[in-house]
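Each chain, written out:
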Amino acid sequence: MTKFVRSWLGIAATTATLAFGGGQALAQKELVFGLQCDRTGPTATVGVNLCPGYHDYIALVNSKGGVEGFKIKVLEVDNEYKVPPAMEAHERFKKEGAVLEGLFGTASTMALTKKLEEDKILGTSPGFGTASAADGKRFPYTFPIAASYWSQAGAAVAFAKERLGGNLKGKKIAYLFYDNPAGKEPLPILEDLAKSEGFEMRTFAVPAPGVEMGAQILDITGRFKPDFIITHLFGRSPSVSIKELKGKGFPLSKVVAFVWGSAEADIIAAGGMAVAEGYNGIQFAGVGKDFQVIKDIEAMYKAQGKPVPKELDSTVYYNRGVFIAAMHTEAVRNAIKVKGGAAPTSEEVKKGMEAIKGFTLGGLVPPMEITAADHEGGGWVQIWTVKGGKLVRDKDWFQGYREIIKKHLAAEASKS
Amino acid sequence: MFHRESGVFKTTYRADMALYPLPIAKWTVGVLALIFIVIVPLTVHEYYLSILNLIFIAIVGALGLNILVGYTGQISIGHAAFMSVGAYTAANLAVRLGLPFWITLPAGGMMAAVIGVIVGMPSLRIKGLYLAIATLAGQLIIEWTINHVPAISGGAQASIQVERPSLFGVSFNTQGHLYFFLLFFAVLAIVATLNLVRSRIGRAFVAVRDQDIAAEIIGIDIYRYKLMAFAISSFYAGVCGVLYTYYFGIANYEQFQLIVSIDYLAMIIIGGLGSVLGSILGAVFVTLLPIVIRILMENIGSLFFTGAEMANVISGLRLGVFGGLIIFFLIVEPEGLNRLWRNIRSYFRVWPFSY
């Protein structure tokens, strides 16, 4: 065989592989993620910053060659925080072959819980849905993947204890909450802790839409005179609470807000960072731009010659979007690795999600460990405080009263 | 519905009020039945069935509201609250007593009817905008009660999970199964309403709407009929709530907040007040339009925008186009889609000799 013939045979073989094998591989190497979002409904303030974070992280992953060679295609549906469109969105994702989906909204998370189980597609609901969804045995396809309201309540009390000198005996704590199921959810935990830690707790409900709470704040600051305030508010109401407490002269350093009341937008709406000096917020994802992944996203925009979008400045919600996207890709990565590089099914992606451990993304993601039994991943949170015009990390990842949360989860599980 | 006759040949009231004005109408219904019972479920993808399912549920709710607002002229913005009454009644009965859907569904409707009569009582003394505020109060009271009474709501989360409905050992747990389940009740609601409005009760409703003093003078007990309108309308709403509960597998009061009442009012106003076909068209329009706009934008929009930008554009545009189209339709025909359809029909009745 001459050298000439041999080289031509080689080229022909390569071309054939590229044309058939390679072509096939290219066609298969795409995975679909479904993302529900709310950019126009009552929680639009969250959605407009969270969802771009999700898309940017996926774009970053794709620009680096995808997950284990698979490109990711995101389908987004704006459900306006309504339940029927959320069901339609889920069916759409299912039709397009999504391997997982991100849910948005407490009511729609609950309405889809059963459907997800029947269709065997996992849905993530960080900050939405019930605390008991952390129990992977009862809700196999719902993944809160972030600290539930119960875990947040535990963390808030632990933080109060630390701020009040390590002992809560005889202290008074006020719980200011939005009068809906989500607002009432942490009550059993707080009542339990009040007994075991020996503090006096009183609750103050704010009726929907939560923009008028003068009476409650007056009651808190004038009559109850607590040592610490825990707030659990949504939408416009966190900023109103900051303004009202500031107006009554209550030190904001003795206030801690749950995850939906601790974003830049809430503080700016209350009159700016300077007004809210000392205000504390619980976070389930890292805050700020001091992460390699955020710098990579900025670099990606610069490389494309586009300006960096303004959504990146709203770091609390934007980073949560990045966090959700990172968890999704990590679950898929685990599933692909187990399969040895083949496209995973939605059930395998679920197993991949349950294998997430030690994935921190440079500190943006807590040191969580998701297992088949614990879909919350341990309930890790950080506390960020307004200091000198910006949010500063006050307390690194920690779990508050984990045993008590576990006790309540077990009690819930035995009830059903 | 799709047939046309060349003129008006009716000589008796009976003929004028018949459910099938022409023999051919029976064929139309037969063809529609064939399409929806055989062809659609066999040929259409599950995704489209899920959209149809949502439309069926909306049709039941819209028909109920149209009986009250369109036929009887009593404005209500508490419709969603009656849905939640039905939903929680059925969920409690199904979970605590383990009752099957064919008991919980009418029970949910009945409970909603009872509450509806109570909320409707102010209608005996006030009307128009004043009544709207009274029903708004009803909506808020019911929401609050469900939120704060654990005996109803089943605990702090105010949500009760229910099993899928089953009949003769078959569980309706796919969109395909649920399609037949919901289609049955949607058809039942349509037929019941068609018959209701041509009965003595229906005519009394219309008389009350047009001029209640005149109605009273010709011997209609307006108190009785107003409350009956509230009861019937709330019964439909309750059933609609039960259907939502079985469809989602959960009763949750956040699905039935004030905004949902407004959505249903939008459906019947766009579709046409005081018409059965209008309720159906309105339910279809309001459910389908956002989806159609999104799918269109996803296909056309990619020419102008990149992926991530598009998501933002679609959301904003969808709201804008949705609002714009509602205004457009109501300017073209203030009496709604039903009237638009009738105009088209009467045009073709004499076509091509329209002079």
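Residues numbered from 1 in each chain as written. Chains lettered and ligands numbered in written order. Predicted model: local features only at pLDDT ≥ 70, side-chain atom pairs only at ≥ 80, totals over all residues. Heavy atoms only, no water.

Whenever I open this one, the packing of helix α8 (residues 214–224) of chain A against helix α9 (residues 237–247) of chain A confuses me. Can you help?
The geometry of a pair of packed helices is captured by two quantities: the angle between their axes and the separation between those axes. All names here are of chain A. At their nearest, the axes of α8 and α9 sit 10 Å apart, and the two run at 45 degrees to each other. Compared by their axis directions, α8 and α9 come out oblique. When the axes of α8 and α9 are compared, the crossing they make is right-handed. Along its contact with α8, which presents Gly214, Ile217 and Thr221, the element α9 presents Ser241, Glu244 and Leu245. (Axes fitted to C-alpha atoms, helices over the stretch in contact; angles between N-to-C directions. Helix = DSSP H or I, 4+ residues; strand = E, 2+ residues; numbered from the N terminus. Parallel < 35°, antiparallel > 145°, perpendicular 65-115°, else oblique. Left-handed = near helix turned anticlockwise from the far one by under 90°. Contact = heavy atoms within 4.5 Å.)

Looking at this structure, how should I read the interface of chain A and chain B?
Many analyses report the size of an interface as the accessible area lost when the parts associate. Listed as interface residues are 32 residues of chain A and, on the opposing side, 42 residues of chain B. Between chain A and chain B lies a buried interface of about 3400 Å² when both sides are counted; carbon and sulfur atoms form 52% of it. Of all residues in chain A, A:Glu88, A:Lys114 and A:Pro181 give up the largest surface area on contact with chain B, accounting jointly for 19% of the area buried on that side. On the surface where chain A and chain B come into contact, there are six salt bridges. Residues A:Lys94 and B:Glu46 are paired through a salt bridge, measuring 3.3 Å at the closest nitrogen-oxygen approach. Inspection of the chain A/chain B interface yields 14 residue pairs in polar contact (both at pLDDT 80 or more). Secondary structure elements with two or more residues in the side of chain A that touches chain B: β2 (71–78), α3 (83–95), α4 (106–119) and α6 (181–184) of chain A. In terms of residue count, α3(A) provides more of the side of chain A that touches chain B than any other element does, eight residues in total. Here the side of chain A that touches chain B is built from residues that sort into nine nonpolar, six polar and 17 charged. (Buried area = accessible area lost by both parts, 1.4 Å probe. Salt bridge = Lys/Arg side-chain N within 4 Å of Asp/Glu carboxyl O. Polar contact = N/O pair within 3.5 Å; in protein donor to acceptor, adjacent residues only side chain to side chain. Nonpolar A, V, L, I, M, F, W, Y, C, P; charged D, E, K, R; others polar.)

What's the story with the sheet that holds strand β7 (residues 200–206) of chain A in this structure? I'm lost.
Picture the strands of a sheet paired through backbone hydrogen bonds; they go either parallel or antiparallel. All names here are of chain A. Overall, mixed pairing links the seven strands, which are arranged β7-β6-β8-β9-β10-β11-β12 in an open sheet. Of all strands in the sheet, those with a lone pairing partner are β7 and β12 (390–398), marking the two edges. Shown here is a sheet whose adjacent strand axes are inclined to one another by a mean of 25 degrees, direction ignored. Pairing analysis gives three bridges linking strand β8 (residues 228–232) to strand β9 (residues 255–257), with the strands arranged parallel. When the sheet's bridge partners are listed, Ile229 is paired in β9 with Val255. Across the sheet, α8 is in contact with β6 (172–178), β7 and β8; its angle to β7 comes to roughly 155 degrees. (Pairing = 2+ DSSP bridges.)

Would you explain the packing of aromatic side chains in this entry?
Aromatic ring pairs are reported here in terms of the distance separating the ring centres and the angle at which the planes meet. All names here are of chain A. In the structure shown here, the tally under the stated rule is 28 aromatic pairs over all chains. Ring plane angle 80 degrees and centroid distance 6.4 Å describe the contact between Trp260 and Phe284, whose orientation is recorded as edge-to-face. With Trp260 in the loop between β9 and α10 (264–269) and Phe284 in the loop between β10 (280–283) and α11 (292–303), this pair connects stretches of sequence that are 24 residues apart. In this structure Trp260 comes out as buried when scored by relative accessible area, which is 6%. (Phe/Tyr/Trp six-rings, centres within 6.5 Å; stacked < 30°, edge-to-face > 60°. Buried < 20%, exposed > 50% of the residue type's maximum accessible area, 1.4 Å probe, protein only.)

Help me understand the pattern of salt bridges in this model?
A side chain of one charge can pair with a side chain of the opposite charge if their charged atoms are brought near each other. A complete count under the given rule lists 35 salt bridges over all chains for this structure. The salt bridge involving A:Asp78 is made with B:Arg318; its shortest N-O contact spans 3.8 Å. Taken together, the residues span two chains, with A:Asp78 in strand β2 and B:Arg318 in helix α14 (residues 307–332). Since its relative accessible area comes to 5%, A:Asp78 is described here as buried. Salt-bridge contacts for A:Glu330 lead to A:Arg333; the nearest nitrogen and oxygen are separated by 3.4 Å.

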